[in-house]
Number of protein chains: 2
Amino acid sequence: MSATPAVPASDPVSSPVWSIDPRTGEQREQVGVEATAEVVDAAVRAAHAARGVLADRAVRAAFLRSAAAQLEEGRDEFVATADAETALGAVRLNGELTRTCYQLRSFADTVDEGSFLDVIISHPDAAATPPVPDLRRYKIPLGVVAVYSASNFPFAFSVAGGDTASALAAGCPVVVKAHPDHPATSELTAAAVRRAAAEHGLPAGVVGLVHGFDAGVALVVHPLVAAAGFTGSVRGGRALFDAAAARPTPIPFHGELGSLNPVWVTQAAAAERAEEIGAGLAGSMTMGVGQFCVKPGLVLAPTGAAGDQLVKSLGGSLADVGAGVMLDHRMRDNFVAGVAERASLPQVEAPVLPGPGPDAHTVGPGFLTVPAAELAREDGPHALLLEECFGPVTVVARYGEVAEAEALLARLPGNLTATLHVSAAEASGADGGSDLLARLTPLAGRILVNAWPTGVAVAPAQHHGGPYPATTSTSTSVGSTAAERWLRPVSYQSTPEALLPPELREDNPLGLPRTVDGRREG
Amino acid sequence: MSATPAVPASDPVSSPVWSIDPRTGEQREQVGVEATAEVVDAAVRAAHAARGVLADRAVRAAFLRSAAAQLEEGRDEFVATADAETALGAVRLNGELTRTCYQLRSFADTVDEGSFLDVIISHPDAAATPPVPDLRRYKIPLGVVAVYSASNFPFAFSVAGGDTASALAAGCPVVVKAHPDHPATSELTAAAVRRAAAEHGLPAGVVGLVHGFDAGVALVVHPLVAAAGFTGSVRGGRALFDAAAARPTPIPFHGELGSLNPVWVTQAAAAERAEEIGAGLAGSMTMGVGQFCVKPGLVLAPTGAAGDQLVKSLGGSLADVGAGVMLDHRMRDNFVAGVAERASLPQVEAPVLPGPGPDAHTVGPGFLTVPAAELAREDGPHALLLEECFGPVTVVARYGEVAEAEALLARLPGNLTATLHVSAAEASGADGGSDLLARLTPLAGRILVNAWPTGVAVAPAQHHGGPYPATTSTSTSVGSTAAERWLRPVSYQSTPEALLPPELREDNPLGLPRTVDGRREG
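What you are looking at is a predicted structure, and each value in this text was computed from that prediction instead of being measured.

Asker: How would you explain the sheet that holds strand β18 (residues 415-421) of chain B if you had to name every residue and give the values?
Answerer: As summarised here, the arrangement of the 12 strands in space is β22(A)-β21(A)-β3(A)-β4(A)-β20(A)-β19(B)-β18(B)-β10(B)-β11(B)-β17(B)-β16(B)-β13(B), forming an open sheet in which the pairing is mixed. Each of the sheet's edge strands pairs with one partner strand only, and the pair in question is β22 (519-521) of chain A together with β13 (349-352) of chain B. Neighbour-to-neighbour, the strand axes of this sheet turn through a mean angle of 25°, independent of strand direction. Pairing geometry for strand β3 (residues 119-122) of chain A and strand β4 (residues 135-141) of chain A, over 3 bridges, is antiparallel. Along β4(A), the bridge assignment pairs A:Ile120 with A:Arg137. Across the sheet, helix α15 (residues 433-440) of chain B touches β20 (487-493) of chain A together with β10 (262-265), β18 and β19 (444-449) of chain B, and the angle it forms with β18(B) is around 165°.

Here it is in structure tokens:
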């Protein structure tokens, strides 16, 4: 259920929702109004009422594939609208739309394949203590899922993004809270998804859409909302997490909040590939105007000549990166203020000073340096440098002894990614390469070697999550296991064959992969 | 690390911890003192330091098996001590100890088998959008787990119970908060587990033990505690859940809090088996003096002659059940007060009045009846009847039309179990049997047909959990999937073979079951 009736300009309570062009700061169009509590309630109830129609896995899979087709069909309009609202550019947005369609189809494949149901059967065993009766377990949908769209992915982490696709795959209807940076794109996407729903006889309420800050709060505390997915800031995500936990009936809140994404460059790696690493870093940290959740925000680089060369290469490469427009003016202001505050800290230098761009709407990329030993001090003045700064900036911490790097790593909060750059010898297992990897593993949910964290592949082995504040749970929001978030197990005991759901029947009429008495089948 | 040094009777701050005989209310012995914040901190740090030694799966499995052997070796002393503290009786406690050993060995098997690592490998795919790099994912231990022992299972849900066994299986050291109803048993068990640890060169700190209410609170907010498992009351569990969620870094809190465990007897089932169902219900609701978390606490029985006969059978069977001693005097007082308050509600009758037993330390079983239509009223005075009452009492709600039963089911909070008693015809799928099952499924984590919920088998397909307040998460605390609670996924991207953990290497040197490019292996 949409919160977007014909624009009621005279609505006495609801604030208008405007689509704004970040390249100019001007209002493009009024998209609708912020949803009142009543509108949120209606959207949740419509979603709740749609649970039954999602029970059929074949319908779910077909719906997801149709949603992908609908998005592709409207590609030009979607990309143009998203670009006008986010300034992310047509190339990036076309790629993101393709990724979003790929993701929808991947989850359709997940639904068809059936492993996510995690069917486990234990036949009776009278010899066990206590005796084992006939037990058959699989996973069922939790119910209505609240999805909070991200600012920085108007397609892939928004109305038809990974949270929505994985929830629908799991059999859960969703109500999406649109991000205020792209309300028009959100409405267009929702309409496309609903056209896909209609193709399969599903009601429009299967994917609801609401606008407004208050609507987001009302959503997470609604009694019929059974779980939530969020991508955004630590402050906003934590407030919603707290609200979800404080409910009379708490619900799972899978939030992706913030991440520094540390990169550790060994002395040997710098000696071997200083130029290449500096250039790669410049590309990764400025991609999408530094607005990726996996932007490398902290780099541990050695002191000495090789490290100096890396820093020089970084600076040189940044000179080739032009100024960019951030997603909205508030973010731009936060970036400008945030880098200025960081740059003013003692012992912090700015070989390329990030900050305001050549005109009032742009920002220029840059980086700061600081001695790692200073940054590692618990009582030091540099704590701010260990907080994510959204935008095209990274902090290069220079370390001498390896122990200095380790001391700094020990101070880091949780991360989505941690990256190691090693030499060829270290990569072959010599010189303690695996020890380094073991030290990075506790820090993050994805560990990379001689690669860059930007670009999150949609694949079964993907894990996009990590220790808090990277995520508020142990789950992933990308990859096929993301569907696990919206399910709960149920076990049927001593249940006559005729009453069992087909997924659990002895003869496996649906041909599902399952584990029977400890043996994997299919 | 234990909080039990030589008894410091003159300790100026720590309160003594007494083992108390519930059959007399008398103090048996002083077991130790309540742990101060410093003692809790030392226990957590000792556990944290033991993480590394648990990394070897073979060691973990061997340790779990040795723990089982140590428990069996001390069986007579353990059972005698537990009986003196809990009055559960030697027969039940011997069975529970056997179950606990079986559970420890089952988790050792889980460790050996390796499916819990959930290894998924995605090989590079340049054709995907975005391109898929080499990704290899498995699950790693979260860190120190806080375990809160249950009153009613001094072995199976306590120091060496399912939470501890599953955490150790996952590679997580634990610190157990002992339950005040069986501190001496807890110390004996911890000592046995530590003897097993020593056999494999593991430090004693791998399983810590602390006593005291404040220690339990200090434990859940300790920065090095990474997750918690709890079995107990809604009030205590919710307070700890709230504390876990309010931490600067929130942690997963897997709590089992409370459950009514509804039983629905169809008209046809009552017509066919009234005597048998009444007798079975009497046995299940009084087992362990009604102190099981899966005790059937609400029974929907039809009005009319068959339902009357069921009620009569229940009453007759209860007459054969003697008075029993509850786990402690506070529980007994709560039971006596709780049933009296419930029995005084309008339209509630007590064909067999539960309450105080023949002497000051016992309670007698009984049951209450109420019209289902009254109990289903949102504005009615009967809300208390929908709260779990620990002890040998159940509430029989009499319904006329099926719609009355459904209206009552719609009002229930979440449950561990929901049970359906049907006729032979309904069990064969006739007369809407599967519809009934579909109506019960949203209510609970385990659904039983023509059986009783007491007796929770240790098996891969078990699910012991359910919608809140049955559990605070979607997890199970019994069965091999219980180990999933203490793990988080991590994915390695573009990582040279030589640096990968052996679990993720291409040639699968450990022979683990895994999923490679969507194909299940092993």
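Asker: Please set out the interface of chain A and chain B residue by residue, giving values where relevant.
Answerer: Residue-level contacts link 79 residues of chain A with 79 residues of chain B. Of the roughly 5800 Å² buried where chain A meets chain B, counting both sides, 60% is carbon and sulfur surface. Taken together, chain A and chain B are joined by 0 salt bridges. Seen at the junction of chain A and chain B, the total is 34 residue pairs in polar contact (both at pLDDT 80 or more). With 7 residues, the top contributor of residues to the side of chain A that touches chain B is β20(A). Relative to β19(B), β20(A) is paired through 3 bridges, and the arrangement is parallel. Looking at β19(B), one finds that A:Gln493 is bridged to B:Leu448.

Asker: Can you lay out the pattern of salt bridges for me, pointing to particular residues and giving the numbers?
Answerer: Residue and element names in this part refer to chain B. On inspection of all chains with the given rule, the structure shows 40 salt bridges over all chains. For Arg439, the salt bridge identified is with Glu406, shortest N-O distance 2.6 Å. One end of the pair, Arg439, is in helix α15; the other, Glu406, is in helix α13 (residues 402-409), with 33 residues separating them in the sequence. Judged by relative accessible area, Glu406 falls into the partly exposed class, the value being 26%.

Asker: A description of helix α9 (residues 267-286) of chain A should follow, citing residues and the corresponding values.
Answerer: Residue and element names in this part refer to chain A. For α9, which comprises 20 residues, the first-to-last C-alpha distance of 24 Å sits more than 12% below the rise-based estimate of 28 Å (1.5 Å per residue). Along α9, the residues that are buried comprise Ala269, Ala270, Arg273, Ala274, Ile277, Gly278, Gly280, Leu281, Ala282, Ser284, Met285 and Thr286. Gly288 occupies a position one or two residues after α9 and carries a positive phi of about 60°.

Asker: Pulling in residues and values, what's your account of the relation of the copies chain A and chain B?
Answerer: Once chain A has been moved 0.0 Å along the axis and rotated by 180°, it coincides with chain B to within an RMSD of 0.0 Å. Taken together, these values place the two copies in the relation of a two-fold axis. Rotation axis and chain A: the residue whose C-alpha lies nearest the axis is A:Ala245, separated from it by 3.3 Å.

Asker: Can you explain the pairing of strand β18 (residues 415-421) of chain A? Please cite residues and give values.
Answerer: Residues and elements named next belong to chain A. Burial runs high along β18: 7 of the 7 residues are buried. Sheet topology note: the strand β10 (residues 262-265)/β18 ladder contains 3 bridges and is parallel. Residue pairing for β18: Val263 is matched across the bridge by Thr419. In terms of strand pairing, β18 meets strand β19 (residues 444-449) through 5 bridges, oriented parallel. Opposite Leu420, over in β19, you have Val449 as the bridge partner.

Each value, and the rule that gives it
- Numbering of residues starts from 1 in every chain and runs along the sequence as written.
- Chains carry letters from A onward and ligands carry numbers from 1 onward, assigned in written order.
- In view of the model being predicted, local features appear only for residues whose pLDDT reaches at least 70, and side-chain atom pairs are presented and counted only at 80 or more, with totals across whole chains, interfaces and linings using the full set of residues.
- Where side-chain values are given, they derive from all heavy atoms of the structure, hydrogens and water being excluded.
- Paired strands are those between which DSSP finds at least two bridges.
- Numbering of helices and strands runs from the N terminus; a helix is a DSSP stretch of H or I covering at least four residues, while a strand is a stretch of E covering at least two.
- All axes here are fitted lines through C-alpha atoms, helices being fitted over the stretch that makes contact, and every angle between N-to-C directions spans 0 to 180 degrees.
- Pairs of residues are marked as contacts when any of their non-hydrogen atoms sit within 4.5 Å.
- Accessible area that two parts lose when put together, evaluated with a 1.4 Å probe and summed over both, is termed the buried area.
- What makes a salt bridge here is a side-chain nitrogen of Lys or Arg within 4 Å of a carboxyl oxygen of Asp or Glu, nothing more.
- A 3.5 Å cut-off defines polar contacts: any pair of N or O atoms within that distance qualifies, except that in protein one atom must be a possible hydrogen donor and the other a possible acceptor, and neighbouring residues in sequence count only when both atoms are side-chain atoms.
- In this scheme, a residue with accessible area under 20% of its type's maximum is buried, one over 50% is exposed, and one in between is partly exposed, where area comes from a 1.4 Å probe on protein chains only.
- Given the number of residues in a helix, its expected span is that number minus one, multiplied by 1.5 Å.
- Only residues with pLDDT of at least 70 in both copies contribute their C-alpha atoms to the least-squares superposition of the copies.

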